[in-house]
Amino acid sequence: MTIRVVVADDQELVRSGFAMILDAQEDIEVVAEAGDGAAAAAAVERLAPDVALLDIRMPVLDGIEACRAITARGGCRVVMLTTFDSDEYVYEALHAGASGFLLKDVRRDDLVHAVRVVAAGESLLAPSVARRLIEEYTAVTARPAAPALAAGRLEVLTARERETLLHLGRGLSNAEIASALVVSEHTVKSHVGNVLAKLGLRDRIQAVICAYETGLIAAGTPSGE
């Protein structure tokens, strides 16, 4: 099955470079390029791609609002492009429904892998990108827990599911969680599914947010502690 992608970035060289890399793959087709968020959202509505690659900072409609508009319709998953040292909007993008993040200096193979992973329904939580972004940003902003995500919400989880959420919040893969809990990956997959269903979370990215906002993980706590 061919993965259909929309690439949006206001820098033409960056946009065309990413499009060229993705289009060169046998299983990926770039169906549209856009120079601003509004054009990206319109292209997604018109063409119904599987994945939208969005720069966070774009004119007319920024990447966060474009992400929110795209994910509200459903059917298309979003990967945000960011520069870690300067973007202050990572947290908002997570809430807007982004399924992952890539740094703009991403390697060719990592770009292709990210699109495939997200298209398959997984969240991109590479330790070198998403975990850093989430931990650093929440540490800086020290945001209070939202009422809807009060710690009491976790009472619906079993002890094992709570442990699973803790590890999800630290950015661990299923294999790493299986090792930590001394269970099979199949069991971990079941626990992850239960956590998402019980807490009404869309994906692993939202599970990470939940782990921080409920206080299960303290903002700024190094992963693995």
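None of the values given here were measured: they were computed from a predicted structure. (Residues numbered from 1 in each chain as written. Predicted model: local features only at pLDDT ≥ 70, side-chain atom pairs only at ≥ 80, totals over all residues. Heavy atoms only, no water.)

Asks: Got a sec to walk through helix H8 (residues 174-181)? Specific residues and values, please.
Replies: Within the sequence span of H8, burial applies to Ile 177, Ala 178 and Leu 181. Looking straight down H8, one finds its buried side chains confined to an arc of 105 degrees; they lie on one side. Tucked inside the fold, the buried residues of H8 contact helix H7 (159-169), helix H9 (185-199) and helix H10 (204-213). Of the residues trailing H8, Val 182 is marked for its positive phi of about 55 degrees. (Buried < 20%, exposed > 50% of the residue type's maximum accessible area, 1.4 Å probe, protein only. Helix = DSSP H or I, 4+ residues; strand = E, 2+ residues; numbered from the N terminus. Arc of directions from axis to C-beta. Contact = heavy atoms within 4.5 Å.)

Asks: Could you give an account of the pattern of salt bridges, naming the residues involved and the relevant values?
Replies: If you walk through the whole model with that rule in mind, you get nine salt bridges. Residue Lys 104 is joined to Asp 9 by a salt bridge in which the shortest nitrogen-to-oxygen separation is 3.0 Å. Taken together, the positions of Lys 104 in the loop between strand S5 (100-103) and helix H5 (108-119) and Asp 9 in the loop between strand S1 (3-8) and helix H1 (12-23) put the pair 95 residues apart, joining distant regions of the chain. Residue classification places Lys 104 among the partly exposed positions, given a relative accessible area of 21%. The class of Asp 9 is buried, set by a relative accessible area of 0%. It is possible to trace a salt-bridge network through shared partners that takes in Asp 9, Asp 55 and Lys 104. (Salt bridge = Lys/Arg side-chain N within 4 Å of Asp/Glu carboxyl O.)

Asks: I'd love a proper account of the packing of helix H2 (residues 37-47) against helix H3 (residues 63-73), names of residues and values included.
Replies: At a minimum axis distance of 9 Å, the contact between H2 and H3 shows a crossing angle of 15 degrees. The orientation of H2 with respect to H3, classified from their angle, is roughly parallel. Seen from above, H2 lies across H3 with right-handed handedness. Within the contact between the two elements, H2 uses Gly 37, Ala 41, Val 44 and Glu 45 and H3 uses Ala 66, Ile 70 and Arg 73. In the contact of H2 with H3, the residues fall into four nonpolar, one polar and two charged. (Axes fitted to C-alpha atoms, helices over the stretch in contact; angles between N-to-C directions. Parallel < 35°, antiparallel > 145°, perpendicular 65-115°, else oblique. Left-handed = near helix turned anticlockwise from the far one by under 90°. Nonpolar A, V, L, I, M, F, W, Y, C, P; charged D, E, K, R; others polar.)

Asks: Could you give me a rundown of the nonpolar core, with the residues and numbers involved?
Replies: In this structure, Ala 52, Leu 54, Cys 67, Ile 70, Val 78, Met 80 and Phe 101 are the most contacted members of the largest nonpolar core, which totals 26 residues. At the level of secondary structure, the elements contributing two or more residues to this core comprise S1, strand S2 (28-34), H2, strand S3 (51-55), H3, strand S4 (77-82), helix H4 (90-96) and H10. Among residues more than four places away in sequence, those in contact with Leu 54 are Ala 8, Ala 40, Gly 63, Ala 66, Cys 67, Ile 70, Val 78, Val 79, Met 80 and Leu 81. (Core = buried A, V, L, I, M, F, W, Y, C linked by side-chain atoms within 4.5 Å.)

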